[in-house]
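Report on the structure
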Amino acid sequence: MLDLASMPVYLVEPSATQARAITGMLDRHGVRNVLAFGSGGAMLERAGAAPPALVVTALYLPDMNGGELIAALRRAQGDDRTPFILISSE
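Analysis parameters
Residues numbered from 1 in each chain as written. Predicted model: local features only at pLDDT ≥ 70, side-chain atom pairs only at ≥ 80, totals over all residues. Heavy atoms only, no water. Salt bridge = Lys/Arg side-chain N within 4 Å of Asp/Glu carboxyl O. Axes fitted to C-alpha atoms, helices over the stretch in contact; angles between N-to-C directions. Helix = DSSP H or I, 4+ residues; strand = E, 2+ residues; numbered from the N terminus. Parallel < 35°, antiparallel > 145°, perpendicular 65-115°, else oblique. Left-handed = near helix turned anticlockwise from the far one by under 90°. Contact = heavy atoms within 4.5 Å. Pairing = 2+ DSSP bridges. Right-handed = clockwise from strand over helix to strand, strands pointing away.

Right, let's get into the pattern of salt bridges. Within the structure shown, the criterion is met by two salt bridges. Between Arg32 and Asp27 there is a salt bridge whose closest N-O contact spans 3.1 Å. Note that Asp79 is salt-bridged to Arg81, the shortest N-O span being 2.9 Å.

Have a look at this one:
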């Protein structure tokens with residue numbers, strides 16, 4: 001059984017306001033272990049030491065876009081099993 005409360009979720013969102021809103025929504029659904037990052041590079045750095053169970057990312061980041069972030073994560077991990085959610089108003 002999937003333990004939502006302890007699974008590591010990496011949120012990549014440059015807006016602190018949006019990050020709080022998304023973290024709150026995840027919390028309401030039982031996801032408690034959310035680490036927020038303001039850039040893709042910061043998330044990739046952390047993922048090298050502790051891989052996420054799920055990545056939630058904005059489309060536009062200060063150093064890359066969400067698609068580039070997921071591609072870089074998958075290249076670094078050597079597989080494509082990490083699920084992700086891409087958030088965009090477009």
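So, next bit.
Before going further, it helps to examine the packing of helix α2 (residues 40-49) against helix α3 (residues 66-77). In the contact formed by α2 and α3, the axes pass within 10 Å of each other and the chain directions differ by 20°. Taken together, the axes of α2 and α3 lie roughly parallel to each other. Here α2 and α3 pass one another in a crossing that is right-handed. Of the residues in α3, those touching α2 at Gly40, Met43, Leu44 and Ala47 are Leu69, Ala72 and Leu73.

Once that is clear, we can look at the pairing of strand β4 (residues 84-87). Where strand β3 (residues 54-58) and β4 come together, four bridges link them in parallel fashion. Residue pairing in the sheet places Val56 in a bridge with Ile85 of β4. Handedness of the crossover joining β3 and β4 through α3: right-handed.

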